[in-house]
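Working through the structure, step by step
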Amino acid sequence: MSEPIARASGQVRVEYHAFHLADAGEYTQPPFHPENGLIFSRPGLAVVLAGVNSGPVDVTVEIYRGAVPLPDHAEAWDEVVDHSIESLTGDMRVTAMMDSLPELPVLTPFGPGPYRARVHARGRDRAHDAHVTDPVEAFLLQVWPRQREPDLIHRHNDRYGQSMRQSVQAQPQPVAPPEPAEEDWRRAANERLRRRGT
């Protein structure tokens, strides 16, 4: 496996079960739709889901120039998912909602555009929904430039991720509004019926 061009570890403060990967000034969370149970995103911001409600988690960031093969030790993690993220500024970083920026490398040093993030998580079931003062969860983020692709699931092994995936499946599917042409047709048909009745 190629060596990362940047690597660092630190603690990140989780609030409301999440920490963010965000461009500067991007604070509006995308619609809550964690299909893979671990990460979801919109351009400029991604949300990583933690089991704890609030408190610190351990995060390691590794930045690569190209795709990273899955290591032999992937089974040491409960969840491993490849997800496409997009930076609008080229300055996307790990951020916390109510805390200062952790001392971690810029995730998108090759400029604006699409990247691939392999997110590893361990320990999300240990203190589910708790407020913690010491980390009980660990995350590894491996990031490299890559065109957008569908999510790739390597491991789904914790109960928290399963509950997130089930919550998405239970959400009602949005109903698309009628096509304008159909709406016009209904209006014209109603108008004809009204005229016949007079």
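Coordinates for the structure precede this section.
Attention here is on the structure that accompanies the text. Everything numeric in this text was worked out from a predicted model, so none of it was measured.

1. Observations concerning the overall build of the protein chain
- Tallying secondary structure elements over the protein chain gives two helices and 10 strands in all.
- In the protein chain, the order of α-helices and β-strands from amino to carboxyl end is β-β-β-β-β-β-β-β-β-β-α-α.
- A buried classification covers 44% of the 198 residues belonging to the protein chain.
- Across the protein chain, contacts joining residues at least 24 apart in sequence account for 79% of those joining residues at least 6 apart.

2. Things to note about the pairing of strand E2 (residues 18–22)
- Here E2 lies mainly inside the structure; five of its five residues are buried.
- The alternating pattern of E2 places Ala18, His20 and Ala22 and Phe19 and Leu21 on opposite faces, both of which are buried.
- In terms of strand pairing, E2 meets strand E4 (residues 45–49) through five bridges, oriented antiparallel. Along E4, the bridge assignment pairs Leu21 with Ala46.
- Here three bridges tie E2 to strand E7 (residues 93–95), and the two strands are oriented antiparallel to one another. Of the residues in E7, the one forming a bridge with Leu21 is Val94.

3. Considering the packing of aromatic side chains
- This model, assessed by the stated rule, comprises two aromatic pairs.
- Measuring from ring centre to ring centre gives 5.3 Å for Phe19 and Phe139, while their planes differ by 80°; the resulting arrangement is edge-to-face. With Phe19 in strand E2 and Phe139 in strand E9 (residues 138–145), this pair connects stretches of sequence that are 120 residues apart. Residues Phe19 and Phe139 agree in their burial class; the two are buried.

4. A short note on a nonpolar patch on the surface
- Together, Tyr16, Met97 and Met98 make up a nonpolar patch on the protein surface, roughly 350 Å² of accessible area in all.
- With respect to the helices and strands, Met97 occurs in the loop between E7 and strand E8 (113–122).
- Residue classification places Met97 among the partly exposed residues on the basis of a relative accessible area of 37%.

5. Topic: the nonpolar core
- Membership of the largest hydrophobic core comes to 30 residues, with the highest contact counts inside it found for Phe19, Leu21, Val59, Val94 and Phe139.
- Contributions of two or more residues to this core are made by strand E1 (6–15), E2, E4, strand E5 (54–63), strand E6 (79–87), E8 and E9.
- Ignoring anything within four residues of it in the chain, the contact list for Val59 reads Ala8, Ser9, Gly10, Val12, Phe19, Leu104, Phe139 and Leu141.
- Within the second largest apolar cluster, eight residues are counted, among which are Ala22, Val47, Leu49 and Met164.

6. Topic: the side chain of Asp82
- Looking at the element boundaries, Asp82 is found in strand E6.
- In this structure the side chain of Asp82 is engaged in a polar contact, spanning 2.6 Å, whose partner is the side chain of Arg118.
- Non-local contacts of Asp82, meaning those with residues more than four positions away in its chain, are made with Arg116, Ala117, Arg118, Trp144, Asp151, Leu152 and His154.

7. Structural notes on helix H1 (residues 159–170)
- Helix length check: H1, at 12 residues, gives a terminal C-alpha distance of 16 Å against a target of 16 Å (1.5 Å per residue), a fit within 8%.
- Three or more residues of H1 are buried, namely Tyr160, Gly161, Met164, Arg165 and Val168. Along the axis of H1, the buried residues cluster in a sector spanning 135°; they form a single face. In H1, those exposed residues whose orientation departs by more than 90 degrees from the buried face are Arg159, Gln169 and Ala170.
- Among the structural elements, E4, E6 and strand E10 (152–156) are those in contact with the buried residues of H1.

Parameters and conventions
- Note that residues are indexed from 1 along each chain, following the sequence as it is written.
- Note on the predicted model: pLDDT of at least 70 is required for a residue's local features to be given, and 80 or more for side-chain atom pairs to be given and counted; whole-chain, interface and lining totals, by contrast, use all residues.
- Only hydrogens and water are removed before side-chain values are computed, so all heavy atoms of the structure are retained for them.
- Strands here mean DSSP runs of E at least two residues long; helices mean DSSP runs of H or I at least four residues long; both are numbered from the N terminus.
- Note on classification: 1.4 Å probe, protein chains only; a residue is buried when its accessible area is under 20% of the maximum for its type, exposed when over 50%, partly exposed between these limits.
- Contacts are assigned to residue pairs that have any heavy atoms within 4.5 Å of one another.
- Any two strands with at least two DSSP bridges between them are considered paired.
- Two aromatic rings from Phe, Tyr or Trp, using only the six-membered ring of Trp, form a pair when their centres are within 6.5 Å; if the ring planes differ by under 30 degrees the pair is stacked, by over 60 it is edge-to-face, and anything between is tilted.
- Any residue with relative accessible area above 30% and no salt bridge may belong to a patch, with like charges joined within 9 Å and the nonpolar Val, Leu, Ile, Met, Phe, Trp and Tyr side chains within 5 Å.
- Here the accessible surface of atoms and residues is derived via Shrake-Rupley with a 1.4 Å probe, and residues count as covered only by protein chains that are part of the display.
- Any Lys or Arg side-chain nitrogen located within 4 Å of an Asp or Glu carboxyl oxygen qualifies as a salt bridge.
- Throughout, nonpolar core names a set of buried Ala, Val, Leu, Ile, Met, Phe, Trp, Tyr and Cys residues whose side chains join them through atoms within 4.5 Å.
- Under the rule applied, a polar contact is a pair of N or O atoms within 3.5 Å (in protein, one hydrogen donor and one hydrogen acceptor; residues adjacent in sequence only if both atoms are side-chain atoms).
- Any helix carries an expected span of 1.5 Å times its number of residues minus one.
- To be clear, the arc concerns the directions from the helix axis to the C-beta atoms.

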